[in-house]
Amino acid sequence: MSINYIYPEFEVVRDESKCIHCKVCVRQCANEVHSYDEDLDVVKADESKCVNCQRCVSLCPVRALKIVKSDCKLRENANWQNDTINEIYKQADTGGVLLSSMGNPKPMPVYWDKILINASQVTNPPIDPLREPMETKVFLGKKPSYVEKDKNGNLKCELDPQLELSMPVMFSAMSYGSISYNAHASLARASKELGIFYNTGEGGLHEDFYAYGDNTIVQVASGRFGVHEEYLETGKAIEIKMGQGAKPGIGGHLPGKKIVDDVSRTRMIPEGSDAISPAPHHDIYSIEDLRQLVFSLKEATNYKKPIIVKVAAVHNIAAIASGIARSGADIIAIDGFRGGTGAAPTRIRDNVGIPIELALASVDSRLREEGIRNNVSLVVGGSIRSAADVVKAIALGADACYVATSALLAMGCHLCRTCQSGKCNWGIATQDPELVKRLNPDIGTKRLVNLMTAWKHEIKEIIGAMGINSIEALKGNRLMLRGVGLNEKELDILGIKHAVE
Ligand code: SF4
Ligand code: SF4
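## Re the overall build of the protein
- Of the regular secondary structure elements, the protein holds 16 helices and 21 strands.
- The C-alpha radius of gyration computed for the protein amounts to 24 Å, which stays within 12% of the reference 23 Å derived for 501 residues, consistent with globular compactness.
- With the C-alpha coordinates of the protein rotated into their principal frame, the extents come out at 90 × 55 × 45 Å.
- Counting across all 501 residues of the protein, residues that qualify as buried make up 52%.

This is how it looks when you write it as structure tokens:
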């Protein structure tokens, strides 16, 4: 007799008085939770398979469905919580490493929510974005330490290559393979429409998306999947991925079931084989080695493209960033520990890394102290959830932000956290052709454009309230921030005063 150690996490509540037996839920659930019993004429549910993706709830025509968290719990205590015990049961069952998706769900401090923005009142009046011009454009790349002009006022100094963004937000790296063709199409098209960038991640660039090269950042990761000359030439910038916030210190992992035809061709690896990129780049063991790769990529592309080096936020990040700034890189991207992922070992995701807010503040301070802040632009990611988070990040010292989970949510993701299964019911983190069709790229594009347009309006409103009319004037302006509920050490690292001071 087999024993079910784990009670289902969710319960499917079906209101029989409303259900019309249309079987939409049966057809829509890739996890096969719902089934129809013809003999009894009832729709049943196998709750052990439910991941609470809410697809059936959203599509039930009569709102007969509700998914609720089960209140049936083991006898937990402060030390042995229900989830911890269930994880032990799962590992005792399988003998394997637990895999998870999306960001760290643990109740760690979210510093964005403990930082408040200042507003202008009497002496330095606010600016009304409906009536006054506001500049949200930013340029990413190395800046000259001084500016020389000829007698006609034209710039004499030569500028290193820059990325021009209409607003200080870009879509972060999500590889083709971890997300679907239609999700990539939506990101590429939305980036073009918005005048920003999306990022290929480590999966290469599908041939159909070469047309969006001017809005594409191509990534070179430790596995070098899909990297070739034309790929490097096509992107507007090249990102060397040294680390990722959701899984610092380990490589990427795309399960073999997601490596199907186009994905395998784009990555240049066999179909069905797990794509496991190594934890380190096997040619990088020092800043000098990193410099070699930075300059190899510059050389290969005629010094026309900014090189981004992406690292996970870890202890001592300020010293690491200082090294990267001296390696010849043009942009440093730092990914905080709440950053999402398509698949990561649960223990790594939940226990490794540091909050992006602290990492950003310490890196910006260190680069300023060392007089090398202009050598690089700083891009931060790892759970940027709203326009307010963007404004706070810029005031803490970022030049721009990377967003991924917010973009997935805009496309319909319901944060069920099972991307690694390949059965995304919303057509995003899947390669199953029937599921991929569920995300209409026209609608995906529109929703992404809407989200970013809304954020741009909000950014203008917030900085206008601060009496600031450009992102450039907001950058590193920590006097505009105040902390609440933070201790002296935290305020010190963030470089901000307590509320009312
Ligand atoms: S989708 Fe709703 S109405 Fe249709 S069978 Fe399922 S629960 Fe019943
Ligand atoms: S992308 Fe899909 S599978 Fe991943 S969390 Fe969102 S809804 Fe779930």
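Once the structure has been displayed, the description carries forward.
## Points about the sheet that holds strand S12 (residues 237-241)
- Pairing is parallel in the open sheet, where 8 strands are placed in the order S9-S19-S18-S16-S15-S12-S11-S10. Of all the strands in the sheet, the pair left with one neighbour each is strand S9 (169-171) and strand S10 (198-199).
- Sheet topology note: the strand S11 (residues 216-220)/S12 ladder contains 4 bridges and is parallel. Counted as the bridge partner of Gln-219 is Glu-239 from S12.

## Things to note about unusual backbone geometry
- Although it is not a glycine, Tyr-303 adopts a positive phi angle of roughly 55°.
- As for its placement among the helices and strands, Tyr-303 is situated in the loop between helix H7 (287-300) and strand S15 (307-312).
- A relative accessible area of 41% means that Tyr-303 is categorised as partly exposed.
- Even without a glycine there, the phi angle at Val-500 is positive, about 85°.
- Mapped onto the secondary structure, Val-500 falls in the segment after strand S21 (497-498).

## Concerning the side chain of Ser-406
- Structurally, the position occupied by Ser-406 is in helix H12 (residues 405-410).
- Here the side chain of Ser-406 touches Ile-384 through a polar contact of 2.8 Å, landing on its backbone oxygen.
- Contact partners of Ser-406, with chain neighbours within four places excluded, come to Ile-384, Arg-385, Leu-451 and Trp-455.

## Things to note about the site of ligand 2
- Ligand 2 sits among Met-102, Cys-413, His-414, Leu-415, Cys-416, Arg-417, Thr-418, Cys-419, Cys-424, Trp-426 and Ala-429.
- The class makeup of the residues in the shell around ligand 2 is 8 nonpolar, 2 polar and 1 charged.

## Quick look at the sheet that holds S21
- Pairing in this open sheet of 3 strands is mixed, and the strands run S6-S20-S21 from one edge to the other. With one partner strand each, in any of the chains shown, strand S6 (115-117) and S21 form the two edges of the open sheet.
- With 2 bridges joining them, strand S20 (residues 481-483) and S21 adopt parallel strand pairing. Bridged to Arg-482 within S21 is Lys-497.
- Where helix H11 (residues 387-396) meets the sheet, it contacts S6 and S20, and its direction lies at approximately 95° from that of S6.

## Re the nonpolar core
- Within the largest apolar cluster, 111 residues are counted, with the highest numbers of intra-cluster contacts made by Phe-171, Ile-334 and Ile-428.
- Of all hydrophobic cores here, the second largest spans 14 residues; its members include Cys-19, Val-43, Cys-56 and Ile-67.

Parameters at a glance
- Residues numbered from 1 in each chain as written.
- Chains lettered and ligands numbered in written order.
- Predicted model: local features only at pLDDT ≥ 70, side-chain atom pairs only at ≥ 80, totals over all residues.
- Heavy atoms only, no water.
- Helix = DSSP H or I, 4+ residues; strand = E, 2+ residues; numbered from the N terminus.
- Rg over C-alpha atoms; globule rule 2.2 N^0.38 Å.
- Buried < 20%, exposed > 50% of the residue type's maximum accessible area, 1.4 Å probe, protein only.
- Pairing = 2+ DSSP bridges.
- Polar contact = N/O pair within 3.5 Å; in protein donor to acceptor, adjacent residues only side chain to side chain.
- Contact = heavy atoms within 4.5 Å.
- Near = heavy atom within 4 Å.
- Nonpolar A, V, L, I, M, F, W, Y, C, P; charged D, E, K, R; others polar.
- Axes fitted to C-alpha atoms, helices over the stretch in contact; angles between N-to-C directions.
- Core = buried A, V, L, I, M, F, W, Y, C linked by side-chain atoms within 4.5 Å.

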